[in-house]
Amino acid sequence: MPVFIVMLGAPGAGKGTQAKLLAEKSGLTHISSGDLFRDNIKNETELGKLAKSYIDKGELVPDDLTIQMVKERLSRPDCAKGAILDGFPRTTAQAEALDATLSQMGHKIDLVPLIGVPESVLMARLSGRWTCKQCGAIYHTLFSPPKQAGICDLDGSELYQRPDDTPETVSNRIKVYSEQTAPLIEYYTQRGVLAEINGNQEIEQVTQELIDKLPEVN
Ligand code: ADP
Ligand code: AMP
Ligand code: ZN
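Since we're looking at a predicted model, the values are computed, not measured.

J.: Before we go on, may I ask you to explain the site of ligand 1 in this structure?
T.: Near ligand 1, the surroundings consist of 19 residues, among which Lys-15, Thr-17, Arg-129, Tyr-139 and Gln-201 are the closest. Between ligand 1 and the protein, one listed contact pairs an oxygen atom with a backbone N or O atom of Ala-13 at 3.3 Å. Within the backbone of Tyr-139, one N or O atom sits 2.8 Å away from an oxygen atom of ligand 1. In isolation ligand 1 offers 560 Å² of accessible surface; the protein chains occlude 93% of this area. Among the residues making up the shell around ligand 1, the classes are represented as eight nonpolar, seven polar and four charged.

Have a look at this one:
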């Protein structure tokens, strides 16, 4: 049976970090809506141009564009065995669209880990975040530094700081999370799939808590 997991948590909670580790361990496909938008921006697509105007301000990209993009990604063969969604859904409309899409495919959401981190920690996490231009690996200058500053351990490519990780944009992203995404905690609690994870501990400890909650992947 395929397994579908939705990573929930504020910006900087560690969704991307954990989703990548879990995907490696489980063989499930990692889908980050933020990465999909950033690929579109890099490739200068129409969607990329539209999305950039929202991302730069820390606002959400409109639901119809976002839902269409993720639906297309989920229809690809590498999702037949399941997927780990990271950054999607972020609104109730997106969550409802995801339920409908998965149900059409004969699937459902198995687990929604909520990675909890105090709001006071998020800014320090995001202001020290560096990402690989090539493979998307995530580092932190203090908490998870690369062996050589500015260089990816995995492929030697250059690291960069995301333009939406400035303090002003981060503040707005946290506000947007509280207003538009936090209602999904109740949405998934009601469906019996929410699992609270303590995100305010070492990366490996967070991963262990997640693995303990993970359904068998066949
Ligand atoms: P999200 O995808 O939820 O926005 P990331 O996974 O990109 O968050 O993590 C944000 C930043 O915090 C990154 O720089 C990452 O290296 C760092 N980080 C992630 N998890 C932890 C942790 N448990 N402890 C300390 N730093 C962490
Ligand atoms: P992330 O990489 O998850 O931090 O997302 C970066 C930015 O992309 C967000 O601040 C939004 O502007 C946009 N974005 C990513 N995922 C979504 C989504 N599910 N819905 C709307 N906007 C999104
Ligand atoms: Zn890399």
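After that view of the structure, there is still more to cover.
J.: Help me out: how do you make sense of the nonpolar core in this one?
T.: Considering soluble globular proteins, one finds that nonpolar side chains tend to be buried as a cluster. Formed by 50 residues in total, the largest nonpolar core has its most connected members in Leu-74, Ile-84, Leu-98 and Tyr-188. The residues touching Leu-98, leaving out its near neighbours within four places in the chain, are Val-6, Leu-74, Leu-85, Phe-88, Pro-89, Ile-109 and Tyr-188. Cys-132, Ala-137, Tyr-139 and Cys-152 belong to the second-largest nonpolar core, a separate cluster that totals five residues.

J.: Just to check I follow, could you spell out the sheet that holds strand β1 (residues 3–7) for this structure?
T.: Hydrogen bonds along the backbone pair up the strands of a sheet, which may run parallel or antiparallel. Taken in spatial order, the three strands of this open sheet run β1-β3-β2, and their pairing is parallel. A single partner strand is all that each edge strand has here, and the edge strands are β1 and β2 (29–32). Taken over all neighbouring pairs, the strand axes of this sheet differ in orientation by 15° on average, direction set aside. Note: β1 against strand β3 (residues 82–86), five bridges, orientation parallel. Across the sheet, Phe-4 pairs through a bridge with Ala-83, a residue of β3. Sheet strands touched by helix α2 (residues 33–42): β2 and β3. Its angle to β2, the strand with the most contacts, is close to 65°.

J.: Would you mind going over the site of ligand 2 with me for this structure?
T.: Neighbouring ligand 2 are 16 residues; Ser-33, Glu-59, Arg-90, Gln-94 and Arg-162 lie closest to it. Measuring from an oxygen atom of ligand 2, one finds a side-chain N or O atom of Arg-38 at 2.9 Å. Taking Gly-87, its main chain carries an N or O atom lying 2.9 Å from a nitrogen atom of ligand 2. Burial of ligand 2 by the surrounding chains reaches 96%, relative to a free accessible area of 480 Å².

J.: What am I meant to see in the sheet that holds strand β6 (residues 138–140) here?
T.: An order of β6-β5-β7 is seen for the three strands of this open sheet, with the pairing classed as antiparallel. Of all the strands in the sheet, just β6 and β7 (159–160) have a single pairing partner and so form its edges. Pairing of strand β5 (residues 129–132) with β7, which is carried by two bridges, proceeds in the antiparallel orientation. In the sheet register, Thr-131 faces β7, and the bridge partner there is Tyr-160.

Parameters and conventions
Residues numbered from 1 in each chain as written. Chains lettered and ligands numbered in written order. Predicted model: local features only at pLDDT ≥ 70, side-chain atom pairs only at ≥ 80, totals over all residues. Heavy atoms only, no water. Near = heavy atom within 4 Å. Polar contact = N/O pair within 3.5 Å; in protein donor to acceptor, adjacent residues only side chain to side chain. Areas by Shrake-Rupley, 256 points an atom, 1.4 Å probe, with all protein chains shown as cover. Nonpolar A, V, L, I, M, F, W, Y, C, P; charged D, E, K, R; others polar. Core = buried A, V, L, I, M, F, W, Y, C linked by side-chain atoms within 4.5 Å. Buried < 20%, exposed > 50% of the residue type's maximum accessible area, 1.4 Å probe, protein only. Contact = heavy atoms within 4.5 Å. Pairing = 2+ DSSP bridges. Helix = DSSP H or I, 4+ residues; strand = E, 2+ residues; numbered from the N terminus. Axes fitted to C-alpha atoms, helices over the stretch in contact; angles between N-to-C directions.

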